[in-house]
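# Structural description and commentary
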Amino acid sequence: MQVSINRWLLSRFAKPFTFVLALLPILWLVLAAAMDWLGANPAEALERSTGDWTLRMLCVVLAITPVRTVLQLPGLARFRRMAGLFVYFYAVLHLLTYAWFDMGFELVDIAKDIVKRPFILVGFSAVVVLTPLALTSFNRAIRALGGKRWALLHRLVYVIAVLAIVHFFWMRAGKNNFAEVAVYASILGVLLGWRVLRFVRKIRLQPSSMLRKQLSKT
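Everything numeric in this text was worked out from a predicted model, so none of it was measured. (Residues numbered from 1 in each chain as written. Predicted model: local features only at pLDDT ≥ 70, side-chain atom pairs only at ≥ 80, totals over all residues. Heavy atoms only, no water.)

### Focus on the overall build of the protein
Helix and strand counts for the protein stand at 10 helices and 0 strands. Helices and strands appear in the protein in the N-to-C order α-α-α-α-α-α-α-α-α-α. C-alpha extents for the protein along the principal axes are approximately 75 × 40 × 40 Å. In the protein, buried positions account for 33% of the 218 residues. Pairs at least 24 apart in sequence give 68% of the contacts found in the protein among residues at least 6 apart. (Helix = DSSP H or I, 4+ residues; strand = E, 2+ residues; numbered from the N terminus. Buried < 20%, exposed > 50% of the residue type's maximum accessible area, 1.4 Å probe, protein only. Contact = heavy atoms within 4.5 Å.)

Have a look at this one:
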């Protein structure tokens, strides 16, 4: 089973298929807006949907390494960059829907609103932090930065995950509706917690592995 899945993940059709799959939400939203299927408040529906899909794509990005490791599917690593860029794509769309439908692209009013409302400030900060990650998601940028610095920069995705959940929490606080927030927070908590446990285990194993190396030399 694993061999078959890995073979498909490494095939030339896997990436185009995944690209189209990741575009389906926005294609559906465009169709729904054109056909007037978004309900009484289409602007709010677009704004909320793009935000939801940003969080979902973020969960996908953070799930790739645990799933790849636990299920032994190395071919999944090919999709991490694409998934990360789709996080940025939906995050920018979410920001644009707010700037357009809520603020009419009035930059002065947008700046005042960002400062005045904490949940918007946090969401905007997440997009700002996400921008250098998107801009450096290419081989040339990796070579220019060097592998270690590039990896260190891209660990900011964990900060982005926290900012995204705080933004979502504060947004729903006004309506006292935290059910979806709890779902996303739980998923991201598990995915980040897996990394913490893995890091702690690695640190614990390091002294013993170094001791074994020293003993083998004597």
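### Quick word on the packing of aromatic side chains
Summed over all chains, the structure comprises 10 aromatic pairs. Aromatic pair W28 and W37: ring centres 5.6 Å apart, planes at 35 degrees, arrangement tilted. Under the relative-accessibility criterion, W28 is labelled partly exposed at 48%. Cluster of aromatic residues (ring-pair linked, three or more members): F19, F86, F89 and Y90. (Phe/Tyr/Trp six-rings, centres within 6.5 Å; stacked < 30°, edge-to-face > 60°.)

### Things to note about the nonpolar core
Of all hydrophobic cores here, the largest spans 39 residues; its most connected members are L55, L58, L62 and L188. Looking at this core, the elements with two or more residues in it are α2 (14–34), α3 (42–70), α4 (80–102), α6 (118–135), α9 (156–173) and α10 (179–217). Excluding residues that lie within four positions of it along the chain, L58 makes contacts with V87, V157, I160, A161 and A164. Judged by nonpolar contacts, the second largest core, of 7 residues, contains Y98, I110, F119 and I120. (Core = buried A, V, L, I, M, F, W, Y, C linked by side-chain atoms within 4.5 Å.)

### A look at the side chain of T65
In this structure, T65 sits in helix α3. Given the relative accessible area of 10%, T65 is considered buried. Setting aside residues up to four positions removed in sequence, T65 forms contacts with R80, W194, R195 and R198.

### Quick word on the packing of α6 against α9
Across the interface, α6 lies against α9 with an axial gap of 8 Å and an inter-helix angle of 155 degrees. Between α6 and α9, the crossing angle belongs to the class labelled roughly antiparallel. Taken as a pair, α6 and α9 cross one another with a handedness that is left-handed. Contacts from P118, F119, I120, V122, G123, S125, A126, V129, L130 and L133 of α6 reach α9 at L156, V157, I160, L163, V166, H167, W170 and M171. Considering only residue class, the contact of α6 with α9 consists of 15 nonpolar, 3 polar and no charged. (Axes fitted to C-alpha atoms, helices over the stretch in contact; angles between N-to-C directions. Parallel < 35°, antiparallel > 145°, perpendicular 65-115°, else oblique. Left-handed = near helix turned anticlockwise from the far one by under 90°. Nonpolar A, V, L, I, M, F, W, Y, C, P; charged D, E, K, R; others polar.)

### Here's the deal with the packing of α2 against α4
When two helices pack together, their arrangement is given by the angle between the helix axes and the distance between those axes. At their nearest, the axes of α2 and α4 sit 11 Å apart, and the two run at 15 degrees to each other. What the angle tells us is that α2 and α4 run roughly parallel. Crossing hand, α2 versus α4: right-handed. Residue-level contacts link K15, T18, F19, A22, L23, P25 and I26 of α2 to M82, F86, F89, Y90 and L93 of α4. A per-class count over the contact of α2 with α4 returns 10 nonpolar, 1 polar and 1 charged.

### What to know about unusual backbone geometry
Even without being glycine, D36 reaches a positive phi, approximately 60 degrees. The backbone of Q72 sits at a positive phi, close to 55 degrees, despite the residue not being glycine. By the element assignment, Q72 lies in the loop between α3 and α4.

### Considerations on a nonpolar patch on the surface
A surface patch of nonpolar side chains, about 680 Å² in accessible area, is lined by W8, F17, F19, V20, L21, L24 and L27. Per-element accounting of the nonpolar patch gives the leading share, 6 residues, to α2. (Patch = residues over 30% accessible without salt bridge, like charges linked within 9 Å, V, L, I, M, F, W, Y side chains within 5 Å. Areas by Shrake-Rupley, 256 points an atom, 1.4 Å probe, with all protein chains shown as cover. Salt bridge = Lys/Arg side-chain N within 4 Å of Asp/Glu carboxyl O.)

### A word on the pattern of salt bridges
Going through the model one piece at a time under the given rule, you end up with 3 salt bridges. When the shortest N-O distance is used, the salt bridge between E44 and R48 registers 2.8 Å. With E44 and R48 both in helix α3 and 4 residues apart, the pair spans about one turn of that helix. The salt bridge partner of E180 is R172, with a shortest N-O separation of 3.0 Å. Owing to a relative accessible area of 5%, R172 belongs among the buried residues under this scheme.

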